[in-house]
Every structure is written in C-alpha cells, then in structure tokens.
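Descriptive structure summary
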Amino acid sequence: MLHFLNICSKSRKCWGFLIFTIINLELIALYLQHIVLIKPCVLCIYQRCALCGIGIAGLIAIPAPSFAPLRLFAISIWSYSAYKGLLLAKKYIDIQLNPSPFSTCDLFVKFPNWLPINRWWPTIFDANGNCSEYKWYFLSLEISQWMLIIFSSYFLIALLMGISQIIDFLKRNTK
C-alpha cells in the first residue's frame, strides 16, 4: 500500500483528485450555507480554511509532482492542514456533546490583519452561526462528525504518503 501511495504522490492525477475532492467539499459547504440556509459557526469557517490548506497543497504539487522537494512540501502542508482540521472538528464535537457556558466557540472569526478573508469574501468566510446547535444530519451523523471522519481520512492518507516518501528515499540510498 505504501508503494502504491508513493506512486500516486508522483502522479498529477492523484493531486488533481485531491483538489477535486476539496472543491466538492467546499461546494457542499456553500450549498448548505446559501441554499439550505445553515448559518456557519466560527469553527465551520476555520474548518473551511483547513480544507483550503489541503487544496493549496494539491495546487503546489500538481505542476511538478515528480520533483521531490515540491512534493514533500505539499505533503507537509496537506498533513498540517488536515491535522488542524481534525483538531477543529474534535473541538466542534466536544462543544456539541458537552454543552457548557465556558466551552463555546468564538463570536467572530479572527484572521490575521494581513489576510482578512472574512472581509474580502464575507459570503464565504463570515460566521454568524452557533457552534453548540445541531445543524444538519446525513446518514445519522451531524456535520461535525462528518468533518472528523473527513479530516481523519485526509490526515491518515497524508501521513501514509509521507511515510512512503521516507521509505522510498531510504530504499534508493541503500542500493
């Protein structure tokens, strides 16, 4: 399996598929926000940003996936973004399952002054929902639970892909 992931990491099709999945997840989020009228909370917006980070990793690798430094950089961005998204999804589930006035998400999104994407694209990155309310179910799981599964999957694949790079490097250097 690691050999397969190593081969995939050198293919534009696989990186393109990663970008395709991220675009679809972002489109689903926008559909839920603008068509179903589910108000996103701050953690939802931060998870969208984590998804964007995974998509950016795909965009970094797709021009030259066979170039190892670029590929490793993209895998590290992918891993980091998936890990942060996993932590955010876990926090979101914790807020929902253990409601407390002391454990809530922020009222407003906080982006750096040099990157105020909530002001640039308020229809996408502005939060006005409540983290503690259950918003939408699909196959008996709530959005936060689906995001935990999604980010866990992305993180596991990125981790295994990173390990496959190390194993491939060690095999080439021991010959």
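Here the structure is shown first, and the text comes after it.
To start, this report covers the structure provided alongside it.

Conventions we followed
Residues numbered from 1 in each chain as written. Predicted model: local features only at pLDDT ≥ 70, side-chain atom pairs only at ≥ 80, totals over all residues. Heavy atoms only, no water. Helix = DSSP H or I, 4+ residues; strand = E, 2+ residues; numbered from the N terminus. Expected span 1.5 Å × (residues − 1). Buried < 20%, exposed > 50% of the residue type's maximum accessible area, 1.4 Å probe, protein only. Core = buried A, V, L, I, M, F, W, Y, C linked by side-chain atoms within 4.5 Å. Contact = heavy atoms within 4.5 Å.

A few words now on helix α3 (residues 42-61). For the α-helix, the turn length of 3.6 residues means that residues three or four positions removed from each other point alike. Taking 1.5 Å of rise per residue, 20 residues should cover 28 Å, and α3 covers 29 Å from first to last C-alpha, within 8% of that figure. Counting buried residues along α3, 15 of its 20 residues qualify, which places the element largely inside the surrounding structure.

Here the focus is the environment of Met1. Tracing the backbone through its elements, the reader meets Met1 in the segment before α1 (2-9). The class of Met1 is exposed, set by a relative accessible area of 66%.

Before going further, it helps to examine helix α7 (residues 143-174). Over its 32 residues, α7 runs 47 Å from end to end, which matches the ideal 46 Å to within 8%, given 1.5 Å per residue. Residues Ile143, Ser144, Met147, Ile150, Phe151, Tyr154, Ala158, Met161, Gly162, Ser164, Gln165 and Asp168 constitute the buried set of α7.

This paragraph deals with the nonpolar core. Within soluble globular proteins, side chains that are nonpolar tend to cluster in buried spots. In terms of nonpolar packing, the biggest core is built from 25 residues, with Trp15, Leu51, Ile54, Trp78, Met147, Phe151 and Tyr154 touching the most fellow members. Broken down by secondary-structure element, the contributors of at least two residues to this core are α2 (12-34), α3, α4 (68-97) and α7. Here this core takes seven residues from α7, the largest share from any one element. The contacts of Met147, once residues within four sequence positions are left out, are Gln47, Leu51 and Ala89. Counting residues in each nonpolar core, the second largest holds 14 residues, with Ile45, Leu88, Tyr92 and Val109 among its members.

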